[in-house]
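Structure assessment
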Amino acid sequence: MASASGNDDDLTIPRAAINKMIKETLPNVRVANEARELVVSCCTEFIHLISSEANEICNKSEKKTISPEHVIQALESLGFCSYISEVKEVLQECKTVALKRRKASSRLENLGIPEEELLRQQQELFAKARQQQAELAQQEWLQMQQAAQQAQLAASATANPVNKAGSSQDEEEEDDV
Amino acid sequence: MEERESCVGLQQARESAQSLQPEVEVERPGLQHKLLRLPLSRIKGLMKADPDVSLASQEAVFAIGKATELFVEVIVKDAYSFALRGKRKTIQRKDVDNAVDATDEFAFLEGTLD
């Protein structure tokens, strides 16, 4: 847990958050406690590393506050270029959320929309985004299945010259994913 | 998750284990965001622990948070590929060690391994 009153040096990313991420990255894989602890420590070091580098870049830029651009440059100079595009995506979503929130607040002030309504709208937006992503994932899954099916059919066609009528070639959709 | 080959290169291991899109709850009173898994406040606290580090914008903290999540995904996938090479199904600490040793960008972690 956070040691707000104690040393700041004891701060780490909460173990539960790391556990959740590990589980989502590698579902059904066991990870020893020692390994998890090490990942937590590595996170702390990573954050210090990027912050430090971003800080230096910020100092050179004569700006007083570390900006996301400084962070991106830090990632690049430290060899983490592959992270940059996803970081930029998150930043874009940040802006979108902030914008919607500002619009919603001004609407709230002008029209008196209750907070529950704002929450509802926000949940809708996220639900829509999740659905789109789920649909994308499912499409990819279907495509993979189709490719696998075709590969199978090609293999069995060469092995068995006899073709059955009304074979599964006509079916393109599986019921269960 | 695909495990076509018994010995996967690190790059393949990273590409084959697709993770779900992240949904993170940022600790905020009132409206909640779901953009990052790691708590922003903790990330900010870690940054501030370094007295030399100046103030960072909230977006900068987000950026670092997202980068850290990606880092976790990468190192965990790499560790997994080492566990597979060792014909184990449980990721051990030494797999994380190996993952650190195997990647140049992770050299900064050498001191953490003790």
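Looking at an unreviewed UniProt entry, chain B carries the name DNA polymerase epsilon subunit 4, with the source organism given as Chiloscyllium punctatum. Recorded under Function (unreviewed entry), the UniProt text for chain B is reproduced unchanged: "Accessory component of the DNA polymerase epsilon complex. Participates in DNA repair and in chromosomal DNA replication." Regarding chain B, the UniProt comment filed under Subunit (unreviewed entry) reads as follows: "Component of the DNA polymerase epsilon complex consisting of four subunits: the catalytic subunit POLE and the accessory subunits POLE2, POLE3 and POLE4. Interaction with POLE3 is a prerequisite for further binding with POLE and POLE2."

An unreviewed UniProt entry lists chain A under the name Protein Dr1, from Chiloscyllium punctatum. Listed in UniProt under the heading Subcellular location (unreviewed entry), the comment for chain A reads: "Nucleus". According to the UniProt record, the Sequence similarities (unreviewed entry) comment for chain A reads "Belongs to the NC2 beta/DR1 family."

1. A few points about the interface of chain B and chain A
At the junction of the two partners, chain B supplies 61 residues and chain A supplies 66 residues. Counting each side, the surface lost to burial between chain B and chain A is near 5800 Å², with a carbon and sulfur contribution of 73%. Joining chain B to chain A, the criterion identifies two salt bridges. Between Lys95(A) and Glu59(B) there is a salt bridge whose closest N-O contact spans 3.9 Å. Secondary structure elements with two or more residues in the side of chain B that touches chain A: helix 2 (40-48), helix 3 (58-85), strand 1 (90-91) and helix 4 (93-102) of chain B. The greatest single-element share of the side of chain B that touches chain A, amounting to 18 residues, is contributed by helix 3 of chain B. Its residues assigned to classes, the side of chain B that touches chain A comprises 32 nonpolar, twelve polar and 17 charged.

2. With respect to the packing of helix 2 of chain B against helix 3 of chain B
All names here are of chain B. Two elements in contact, helix 2 and helix 3, have axes separated by 10 Å at closest approach and are oriented at 95°. Put simply, helix 2 runs roughly perpendicular to helix 3. Contacts between helix 2 and helix 3 involve Leu40, Ile43, Lys44 and Met47 from the former and Gln58, Val61, Phe62, Ile64 and Gly65 from the latter. Its residues assigned to classes, the contact of helix 2 with helix 3 shows six nonpolar, two polar and one charged.

The rules behind these values
Every chain is numbered on its own, with residues counted from 1 as its sequence reads. The naming scheme follows written order: chains are lettered A onward, ligands numbered 1 onward. With pLDDT at 70 or above as the cut-off, local features in this predicted model cover only qualifying residues; side-chain atom pairs require 80 or more to be listed or tallied, and sums for whole chains, interfaces and linings still use all residues. Only hydrogens and water are set aside when side-chain values are computed; all heavy atoms of the structure are taken into account. UniProt positions are given in the numbering used here, feature names are shortened, and annotations may be inferred rather than shown by experiment. Note on definitions: a residue-residue contact is assigned when non-hydrogen atoms from the two residues lie within 4.5 Å. Once two parts are brought into contact, the accessible area they lose, counted with a 1.4 Å probe and summed over both, makes up the buried area. We define a salt bridge as a contact between a side-chain nitrogen of Lys or Arg and a carboxyl oxygen of Asp or Glu at a distance within 4 Å. Starting at the N terminus, helices and strands are each numbered in turn, a helix being any DSSP run of H or I of at least four residues and a strand any DSSP run of E of at least two. Under the grouping applied here, Gly and all other residues not named as nonpolar or charged are polar, the nonpolar ones being Ala, Val, Leu, Ile, Met, Phe, Trp, Tyr, Cys and Pro and the charged ones Asp, Glu, Lys and Arg. An axis is simply a line fitted to the C-alpha atoms; with a helix, the fit covers only the stretch in contact. Between two such axes, the angle follows the N-to-C directions and lies from 0 to 180 degrees. The scheme is simple: roughly parallel for angles under 35 degrees, roughly antiparallel for over 145, roughly perpendicular for 65 to 115, oblique for anything else.

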